[in-house]
Amino acid sequence: MYIDPRLKELNRERKFARKLFKPLETMFSSLNLLKLISKLSEKIETDELINLNADDGTIWKHVKPFKKKYKNIPNLIGPAGIANTDQDKANFLANSLETHFTLNSISDPETIMKSVNSLTPHPSEILLCIKKLETNKAPGIDCIKNKMLKNLPCNIILNLNTIIEKI
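Remember, it's a predicted structure, so these values are computed and weren't measured experimentally.

### Observations concerning the overall build of the protein
A count of helical and extended segments in the protein gives seven helices and two strands. Going from N to C terminus, the protein has its helices and strands arranged as α-α-β-β-α-α-α-α-α. Split into buried and exposed, the 167 residues of the protein put 6% on the buried side. For the protein, restricting intrachain contacts to residue pairs at least 6 apart in sequence, the fraction spanning at least 24 positions comes to 23%. A total accessible area of about 15,800 Å² is found for the protein, and carbon and sulfur atoms account for 63% of it.

As structure tokens, this is what we get:
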């Protein structure tokens, strides 16, 4: 049977075009399918939201997956013992905060002296702080270099201590 060469060429081009565009056709059809599925799921979801009711418990079933999960607080060890339950942990934290944030009794002179004595540094502490200073740092506003502070004599450090105590 005789077939015209132009028809053969047209048939070859048609087969090539089908072969070339077949994956694109399936991709476009799958995209359309995905769009239809998303529209359908949105419709179902809106229908579910409309039908939620607090009386029959459907609202709580819907909200339960979205609740925020909390981390468990580990056991707390305090002066009263080990706090295992949530109630014990809450009481322990409340007592701790209460003791930390109580006001000092200013009327008692002994507590005032204790607080003042605890604030004043010892000359050895001042000397230790001066020794820890780095020498290659820029001076501050007062233009005193750290190298100058490190070379101070001991009597000046004692005078410095008295100045700090008087502040």
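### Let's talk about a positive patch on the surface
A cluster of like positive charges, contributed by R14, K15, R18 and K22, occupies part of the molecular surface. Looking at the secondary structure, you find R14 in helix α1 (residues 5-50). Given the relative accessible area of 44%, R14 is considered partly exposed.

### Some thoughts on unusual backbone geometry
Unlike most non-glycine residues, C143 shows phi in positive territory, near 65 degrees. With respect to the helices and strands, C143 occurs in the loop between α5 (123-132) and α6 (146-150).

### Regarding the side chain of N161
Looking at the element boundaries, N161 is found in helix α7 (residues 154-166). Excluding residues within four positions of it along the chain, N161 makes contact with P121, H122, P123 and I126.

### Some thoughts on the side chain of K89
Its place among the elements puts K89 in helix α3 (residues 86-100). Once residues lying within four places of it in the same chain are set aside, the contact partners of K89 are I73, P74, N75, L76, A83 and N84.

### A closer look at the packing of α5 against α7
Where α5 contacts α7, the two axes come as close as 9 Å, and the packing angle between them is 110 degrees. Between α5 and α7, the interaxial angle falls into the category roughly perpendicular. As α5 packs across α7, the resulting crossing turns out to be right-handed. The segment α5 lies against α7, with P123, I126 and L127 engaging I157, L158, N161 and I164. Looking at side-chain class alone, the contact of α5 with α7 contains six nonpolar, one polar and no charged residues.

### What about the environment of N161?
By relative accessible area, which is 7% here, N161 ends up buried. Placed 40 residues apart in sequence, N161 and P121 show a C-alpha to C-alpha distance of 7.3 Å.

### Describing the confidence of the model for the protein
Of the residues in the protein, 73% have a pLDDT of 70 or more, and the chain-wide mean is 77. Element-level mean pLDDT values for the protein span from 66 in helix α4 (residues 109-119) up to 89 in α6.

### Comments concerning the pattern of salt bridges
Applying the stated criterion across every chain, the model contains one salt bridge. Across the pair R12 and E9 runs a salt bridge, and its minimum N-O distance is 2.7 Å. Residue R12 and its partner E9 are located together in helix α1, separated by three residues, close to a single helical turn. Taking the relative accessible area as the measure of exposure, E9 reaches 37% and is therefore partly exposed.

What counts and what doesn't
Residues numbered from 1 in each chain as written. Predicted model: local features only at pLDDT ≥ 70, side-chain atom pairs only at ≥ 80, totals over all residues. Heavy atoms only, no water. Helix = DSSP H or I, 4+ residues; strand = E, 2+ residues; numbered from the N terminus. Buried < 20%, exposed > 50% of the residue type's maximum accessible area, 1.4 Å probe, protein only. Contact = heavy atoms within 4.5 Å. Areas by Shrake-Rupley, 256 points an atom, 1.4 Å probe, with all protein chains shown as cover. Patch = residues over 30% accessible without salt bridge, like charges linked within 9 Å, V, L, I, M, F, W, Y side chains within 5 Å. Salt bridge = Lys/Arg side-chain N within 4 Å of Asp/Glu carboxyl O. Lys, Arg positive; Asp, Glu negative; His and termini not counted. Charge placed at Lys NZ, Arg CZ, Asp CG, Glu CD. Axes fitted to C-alpha atoms, helices over the stretch in contact; angles between N-to-C directions. Parallel < 35°, antiparallel > 145°, perpendicular 65-115°, else oblique. Left-handed = near helix turned anticlockwise from the far one by under 90°. Nonpolar A, V, L, I, M, F, W, Y, C, P; charged D, E, K, R; others polar. pLDDT = per-residue confidence, 0-100.

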